[in-house]
Amino acid sequence: MPSSVTEINQSPLTLPELPPEIWGRIIPFLKRPMGSAGTLRNANDYHQHDLATAMRVNKTFYRYTAPILYSRVIVSNFPLFLYGVPTLHPGDPPDTFNTAKTRLFKYIKRLDIAYSSLLPNVSVGQHLPSELILHLDLPTSVIPALTTDINQTYEVSKDLLMGWAKSPDAPLLYPNLRVIATGSFGERLWDSYNPNFTKLDYTDLSPITSLEEVQESAGILHHLFKQNLFGRFITGCSSPKQIINYVSSGPMTPVYNRHFPNDQMLMTRSTLSADYTETLPTSYTTHLLEQIHRGVWLNVAEGVDNIWIVDPIFKECDPQTQVLVYTYIRGQLVTRRQLSKVLNMDPNTKIKIYNVIDPKMIYSVLPALVGDHVNLREGYTDEVGLKIIKTYLSIGIDEEEDRETFAQVELVADGEHEDGDGLGGENTFL
């Protein structure tokens, strides 16, 4: 009897293994909650440490964790994110396309591009020449983050993304990507400072020393911003259905427009498609806040829904600030209508504007917009107020002409828009 007890106590204690399917049900509970898009928070708040740890346990955990962890990815350092992805060259064999990293990319459904102001001390490649930085007259505090974004964009666009976007033999780098969001996280500074970069090619740089180096850098910046290389190549590596921007400019903003210059060196699979419209997303969303205060020019994607979402904070502002919303939108629409006659805009283009037809907000701004209208003295219905606003914005003035040469513009009631695809809790930060 004593010997039996000794044998029992000395035998190793083992737990029965759970079937893999059970682990597949347990692992999703490791996801951590994250803050809403567009908020300024610490980058560490978005890390999914538990999922990342589980993914390294064994092959079973890897199989069930990887699709969850990579379903939504937040990227602030693209060269690091693309580490392990091969740079493609003409004639590369098919096995070149298949790496551990490219297999993980198949799980990505939403890609959030965070501007590197989250990590201002990270630098990739060479900084822009100091003479050029001084010439731009930028605040010292934004220089590291902005130059990092530029360097990263150039590094990943010039070879890596371009190779995948242009290769007729390679599969899509992000075959299941449905949503691309730019500026969702971070300090979103590009709408404030991007004009300083895009005007470089029109600026006299001759008084600056080290002229050759500065002109070369200015040419690179002009090439990146004017041609929107990063956006064209990343969308050439995928087929997103939604583009969501919290900024309207910057080196990583995907832009769709069939009036791109006919540059054969930049043609991608999407632009070479027999039916270019089939490769476009269904919607292109811009959240408007700083853009309104600074009068930033908005990109319009032809042939799809352009959704402009005015930040709800304007409802709580004073009437003078609220007026900026309507004068800004009017300027965008009036200018677009004039250009459309020259550019022959795709008649399927739509612009849907949210958060501007709140009756209280309209009542606050009408005196400043249209003067002492008789309806303002005697009171008016919400329907009349909306009609006055539409007239001010030049919406529906000549609907037949607009349908032929300009976008279809619609003011939509608050709270009806959909932002993203419901992947809010599935993310990693890289």
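Starting from 1, residues in each chain are numbered consecutively following that chain's sequence as written. Reporting of local features is limited, given that this is a predicted model, to residues whose pLDDT is at least 70; pairs of side-chain atoms are given and counted only at 80 or more, and all residues count toward the totals for whole chains, interfaces and linings. Hydrogens and waters are ignored; side-chain quantities use all the structure's heavy atoms.

1. Notes on the overall build of the chain
Counted only if it meets this: Note on conventions: DSSP H or I runs of at least 4 residues are helices, E runs of at least 2 residues are strands, and numbering of each starts at the N terminus. Only protein chains enter the accessibility calculation, which uses a 1.4 Å probe. A residue is then buried if its area is under 20% of the maximum for its type, exposed if over 50%, and partly exposed in between. Only heavy atoms matter for contacts: two residues are in contact if any of them lie within 4.5 Å across the pair. To measure how exposed things are, a 1.4 Å probe is used in the Shrake-Rupley method; for residues, cover is taken only from the protein chains shown.
Counting its secondary structure elements, the chain contains 18 helices and nine strands. Counting across all 430 residues of the chain, residues that qualify as buried make up 48%. For the chain, contacts bridging at least 24 residues in sequence account for 79% of all contacts bridging at least 6. Total accessible area computed for the chain in this model is approximately 21,500 Å², and 53% of it derives from carbon and sulfur atoms.

2. A look at the pairing of strand β1 (residues 72-75)
Put simply, the test is: Here, strands pair whenever DSSP counts at least two bridges between them.
The alternating pattern of β1 places R72 and I74 and V73 and V75 on opposite faces, both of which are buried. As paired elements, β1 and strand β2 (residues 110-113) share four bridges and run parallel to each other. If you follow V73 over to β2, its bridge partner there is L111.

3. Quick look at the packing of aromatic side chains
So the rule is basically this: The rule is short: rings of Phe, Tyr and Trp, with Trp giving its six-membered ring, pair when the centres are within 6.5 Å, and they are stacked under 30 degrees, edge-to-face over 60, tilted in between. Only when the NZ of Lys or the CZ of Arg is both within 6 Å of the ring centre and within 35 degrees of the ring normal is a charge said to sit over the ring.
Going through the model one piece at a time under the given rule, you end up with six aromatic pairs. An angle of 85° between the planes, with centres 5.7 Å apart, marks the rings of F78 and F81 as edge-to-face. Residue F78 and its partner F81 are both found in helix α5 (residues 78-81); the two are separated by three residues, about one turn of the helix. As far as the burial class goes, F78 and F81 line up, both buried. An aromatic cluster is present here, built from F78, F81, F105, Y174 and F230 joined pairwise through their rings. The aromatic ring of Y392 is capped on one face by R330, whose charged end is 5.0 Å from the ring centroid.

4. Some details on the nonpolar core
Quick reminder of the rule: Definition of nonpolar core: a set of buried residues of the types Ala, Val, Leu, Ile, Met, Phe, Trp, Tyr and Cys, connected through side-chain atoms within 4.5 Å.
F78, F81, L82, L111, Y174 and F197 are the most contacted members of the largest nonpolar core, which totals 67 residues. Looking at this core element by element, the count peaks at eight residues for helix α8 (residues 143-166). In this structure, I292, V310, V323 and L393 belong to the second largest nonpolar core, which totals 32 residues.

5. Some details on the confidence of the model for the chain
Note the threshold: Note: pLDDT gives the predictor's confidence per residue, expressed from 0 to 100.
When pLDDT is averaged along the chain, the result is 77; 77% of the residues meet or exceed 70. A low-confidence stretch, residues 421-430 (pLDDT under 50), is modelled with 43 contacts involving residues beyond four sequence positions or located in other chains.

6. Focus on the pairing of strand β6 (residues 305-310)
Going by this rule: The definition of a right-handed crossover adopted here requires that, viewed with the strands pointing away, the path from the first strand over the helix to the second runs clockwise.
Of all six residues in β6, five are buried, a share of seventy percent or more. Across five bridges, the pairing between β6 and strand β7 (residues 350-354) is parallel. Its bridge partner lying in β7, D305 is registered against K350. Handedness of the β6-helix α14 (residues 319-343)-β7 crossover: right-handed.

7. Quick notes on α8
The test is simple: Between the first and last residue of a helix there are one fewer steps than residues, each counted as 1.5 Å, and that sum is the expected span. Note that bend, as reported per residue, equals the angle between axes fitted to the 7 residues terminating at that residue and the 7 residues originating from it.
In this model, α8 (24 residues) spans 32 Å end to end at C-alpha, consistent with the 34 Å of a helix rising 1.5 Å per residue. Of all the bends in α8, the greatest, near 50°, is centred on S157. Taking burial as the measure, the 24 residues of α8 include 17 buried ones, the bulk of the element.

8. What about the packing of helix α15 (residues 359-370) against helix α17 (residues 382-392)?
Selection rule: An axis is simply a line fitted to the C-alpha atoms; with a helix, the fit covers only the stretch in contact. Between two such axes, the angle follows the N-to-C directions and lies from 0 to 180 degrees. Note that the term roughly parallel is reserved for angles under 35 degrees, roughly antiparallel for angles over 145, roughly perpendicular for angles of 65 to 115, and oblique for everything else. Rotating anticlockwise by less than a right angle from the far helix to the near helix defines a left-handed crossing, while the corresponding clockwise rotation defines a right-handed one. Under the scheme applied here, ten amino acids are nonpolar (Ala, Val, Leu, Ile, Met, Phe, Trp, Tyr, Cys and Pro), four are charged (Asp, Glu, Lys and Arg), and all others, including Gly, are polar.
In the contact formed by α15 and α17, the axes pass within 10 Å of each other and the chain directions differ by 50°. As the angle between them shows, α15 and α17 are arranged oblique. Crossing geometry of α15 relative to α17 is assigned as left-handed. Contact with α15, carried on its side by P359, I362, V365, L366, L369 and V370, involves D382, G385, L386, I388, I389 and Y392 of α17 and no other residues of that element. Broken down by class, the residue content of the contact of α15 with α17 amounts to 10 nonpolar, one polar and one charged.

9. Side note on the environment of P139
Along the polypeptide, P139 turns up in the loop between α7 (130-136) and α8. Its relative accessible area of 32% is what places P139 among the partly exposed residues. Along the backbone, P139 and Y193 are 54 residues apart, and their C-alpha atoms lie at a distance of 9.6 Å.

10. Quick notes on helix α10 (residues 211-227)
The end-to-end C-alpha distance of α10, which contains 17 residues, comes to 23 Å, matching closely the 24 Å that a straight helix rising 1.5 Å per residue would cover. Residues of α10 that are buried make contact with α7, α8, α9 (190-198) and α11 (229-236). Of the residues flanking the end of α10, it is N228, one or two places downstream, whose phi is positive at about 50°.

11. Observations regarding the side chain of N245
Put simply, the test is: Between N or O atoms, a polar contact is any pair within 3.5 Å; within protein, one atom must be a potential hydrogen donor and the other a potential acceptor, and residues adjacent in sequence are included only when both atoms are from side chains.
Relative to the helices and strands, N245 resides in strand β4 (residues 242-245). Accessibility expressed as a relative area gives 0% for N245, which makes it buried. Side chain to side chain, N245 and Y284 meet in a polar contact 3.1 Å long.

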